[in-house]
Amino acid sequence: MDKITLGTSGVEVSALCYGTDLIGSSVNESDSHRLLDAFTSHGGTFIDTGNFYASWYPGCVGGESEATIGRWMAARGNRSRMVISTKLGFDYPGCEGGLNAREIERECEKSLKRLQTDYIDVYYAHRDDFDTPQHETMEAFHRLVSAGKVRAIGASNLWLWRVAEANEIARQHGLTPYSVVEQRYTYLRPRHGADFGPQICITDDMKRFCAHHNMTLIAYSILLQGAYTREDRPVPAQFAGPEADERIAALSQVAGETGHTLSQVIIAWMRQSDPPVLPIIGGSRTQQVEENIGALALTLSADQMERLTRAGDPNVKKAWLR
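Residues numbered from 1 in each chain as written. Predicted model: local features only at pLDDT ≥ 70, side-chain atom pairs only at ≥ 80, totals over all residues. Heavy atoms only, no water.

Colleague: Help me out: how do you make sense of the overall build of the protein chain in this one?
Modeller: Looking only at helices and strands, one finds ten helices and ten strands in the protein chain. At 19 Å, the protein chain has a C-alpha radius of gyration in line with the 20 Å of a compact globule built from 322 residues. Seen along its three principal axes, the alpha-carbon backbone of the protein chain occupies a region of about 60 × 45 × 35 Å. Considering the protein chain as a whole, with its 322 residues, one finds that 53% of them fall into the buried category. Sequence separation of at least 24 residues holds for 74% of the intrachain contacts in the protein chain that already meet a minimum separation of 6. In the structure as shown, the protein chain presents an accessible area of about 14100 Å², 50% of it carried by carbon and sulfur atoms. (Helix = DSSP H or I, 4+ residues; strand = E, 2+ residues; numbered from the N terminus. Rg over C-alpha atoms; globule rule 2.2 N^0.38 Å. Buried < 20%, exposed > 50% of the residue type's maximum accessible area, 1.4 Å probe, protein only. Contact = heavy atoms within 4.5 Å. Areas by Shrake-Rupley, 256 points an atom, 1.4 Å probe, with all protein chains shown as cover.)

Below, the structure written as structure tokens:
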């Protein structure tokens, strides 16, 4: 699997990231290990988790995903080959949430213990905290980097202006900046006013900002939990409408031309976009992981990229769909 460097951090990761929000909860321990093995057997190195995964699942209190990954790395003896990202900011039992210095330092230690490691490759602010000065947050992250406990920091579910403000504070005070932004993103465009709660979507402005400042964009929820392919999973209301129908038609057309699945075309489209977006793939079965990784074999033509990107745009004629 190809490798890329995250922004200006110097941290090198695989071209795809494996998301583990259900590892160790709805996916049991042995199946979790099989899924992680499947991902790494194809050269995958980048694994994404969070401190509160999966506190929302019955019987879980948070930390289950990190702990499962920690046991898997210990069993495989592969920590030095893995790039692990985790996050803080949401509350869960025993954690008040937020991004104050005390919370950052305490949650980092808890994550290190669960992951059975002495460093985190990428540590994300997972949810904004308007009650804590950004200077305090960035100083706390910088201390972790200086101590060797964290290699790079990232922002997830933060508004663009907050990321820009935080990095300007870092620039002025010689602190470690955010080098990665992880947001919600998929092929379908959200409808105007769509509400995703605390989750924030990648926007065109965010793309331009990250390209200009050499920050890597990473996307989660890229396949909408199967809504593109499963009849029992309708397109979420935040996306549904005539524009979504046109984009799905374009997606289906390109999938037919290439002989690849809809999921693979979406992943390839993201990776070839300008700027490129690094997708977080999932899958509760090894076949799903294998299918997603198969997208790396697909290179879309310039014409296919243009058709996919412009589909549903009211200012573009749809002659190619007729």
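Colleague: Sorry, what's going on with a nonpolar patch on the surface here?
Modeller: Residues Leu-22, Trp-56 and Tyr-57 make up a contiguous nonpolar surface patch of roughly 280 Å² in combined accessible area. For Trp-56, the location among the structural elements is in the loop between β4 (46-48) and α2 (64-76). (Patch = residues over 30% accessible without salt bridge, like charges linked within 9 Å, V, L, I, M, F, W, Y side chains within 5 Å. Salt bridge = Lys/Arg side-chain N within 4 Å of Asp/Glu carboxyl O.)

Colleague: How do you make sense of the pattern of salt bridges when you look at a structure like this?
Modeller: Enumeration according to the criterion identifies 22 salt bridges in this entry. Close ionic contact of Glu-182 with Lys-87 constitutes a salt bridge, the shortest N to O distance being 3.9 Å. Of this pair, Glu-182 sits in strand β8 (residues 178-184) while Lys-87 sits in strand β5 (residues 83-88), placing them 95 residues apart in sequence. Each of Asp-48, Lys-87 and Glu-182 takes part in one network of salt bridges that share partners.

Colleague: What is the right way to read the packing of helix α7 (residues 242-258) against helix α8 (residues 262-272) from this model?
Modeller: Geometrically, a packed helix pair is captured by the angle between its two axes and the distance between the axes. Two elements in contact, α7 and α8, have axes whose closest approach is 9 Å; the angle formed by their N-to-C orientations is 100°. Accordingly, the angle class assigned to the pair α7 and α8 is roughly perpendicular. Seen from α7, the contacting residues are Arg-247, Leu-251, Ser-252, Val-254, Ala-255 and Thr-258; seen from α8, they are Leu-262, Val-265, Ile-266 and Trp-269. Grouping the amino acids of the contact of α7 with α8 by side-chain chemistry returns seven nonpolar, two polar and one charged. (Axes fitted to C-alpha atoms, helices over the stretch in contact; angles between N-to-C directions. Parallel < 35°, antiparallel > 145°, perpendicular 65-115°, else oblique. Nonpolar A, V, L, I, M, F, W, Y, C, P; charged D, E, K, R; others polar.)

Colleague: Where do I start with the packing of helix α4 (residues 134-146) against helix α5 (residues 160-173) in this structure?
Modeller: Close contact between α4 and α5 brings their axes to 10 Å; oriented N to C, the two are set at 65°. The handedness of the crossing between α4 and α5 comes out as right-handed. Taking contact as the criterion, the partners of Gln-134, His-135 and Met-138 in α4 are, on α5, Arg-162, Glu-165, Ala-166, Asn-167, Ile-169, Ala-170 and His-173. Residue classes in the contact of α4 with α5 are distributed as four nonpolar, four polar and two charged. (Left-handed = near helix turned anticlockwise from the far one by under 90°.)

Colleague: Honestly, the side chain of Gln-304 in this entry has me stumped. Any pointers?
Modeller: Within the secondary structure, Gln-304 sits in helix α10 (residues 302-310). Engagement of the side chain of Gln-304 in a polar contact is seen with the side chain of Glu-257, the distance being 3.0 Å. Setting aside anything within four residues of it in sequence, one finds Gln-304 in contact with Val-254, Glu-257 and Thr-258. (Polar contact = N/O pair within 3.5 Å; in protein donor to acceptor, adjacent residues only side chain to side chain.)

Colleague: Whenever I open this one, the nonpolar core confuses me. Can you help?
Modeller: General note: in soluble globular proteins, nonpolar side chains tend to be found buried as a group. Core analysis: the biggest nonpolar cluster contains 78 residues, and Tyr-123, Tyr-178, Tyr-187, Leu-300 and Leu-308 have the highest contact counts within it. At seven residues, α8 tops the list of elements feeding residues into this core. Once you skip the residues sitting within four places of it in the chain, Leu-308 turns out to touch Tyr-187, Arg-247, Ala-250, Leu-251, Val-254, Val-265, Trp-269 and Leu-300. In terms of nonpolar packing, the next biggest core, distinct from the first, is built from 14 residues, Val-11, Val-83, Val-122 and Ile-280 among them. (Core = buried A, V, L, I, M, F, W, Y, C linked by side-chain atoms within 4.5 Å.)

Colleague: Please clarify how the packing of aromatic side chains should be interpreted in this entry.
Modeller: Geometry of an aromatic ring pair is reported as the spacing of the ring centres plus the angle between the planes. One pass over the full model with this rule turns up eleven aromatic pairs. With 5.4 Å between their ring centres and 65° between their planes, Phe-52 and Trp-56 make a pair best called edge-to-face. Here Trp-56 falls in the partly exposed class, since its relative accessible area comes to 44%. Relative to Phe-239, the ring of Phe-196 has its centre 5.6 Å away and its plane inclined at 50°; by these criteria the two rings are tilted. Placement of Phe-196 in the loop between β8 and α6 (204-212) and of Phe-239 in the loop between β9 (216-220) and α7 is noted, with a sequence separation of 43 residues between them. Ring pairing ties together the aromatic residues Phe-52, Tyr-53, Trp-56 and Phe-90, which thus form one cluster. Its guanidinium or amino end placed over the ring of Tyr-119, Arg-79 lies 4.0 Å from that ring's centre, counting from NZ or CZ. (Phe/Tyr/Trp six-rings, centres within 6.5 Å; stacked < 30°, edge-to-face > 60°. Lys NZ or Arg CZ within 6 Å of the ring centre and 35° of its normal.)

Colleague: Looking at this structure, how should I read the sheet that holds β9?
Modeller: Strand pairing within a sheet occurs via backbone hydrogen bonds; the two strands may be parallel or antiparallel. Taken together, the eight strands give a closed barrel; going around it, the order is β3-β4-β5-β6-β7-β8-β9-β10, and neighbouring strands pair in parallel fashion. Strand-to-strand, the axes of this sheet are offset by a mean angle of 30°, without reference to chain direction. Pairing geometry for β8 and β9, over five bridges, is parallel. Note that in β9 the partner of Val-181 across the bridge is Leu-217. (Pairing = 2+ DSSP bridges.)

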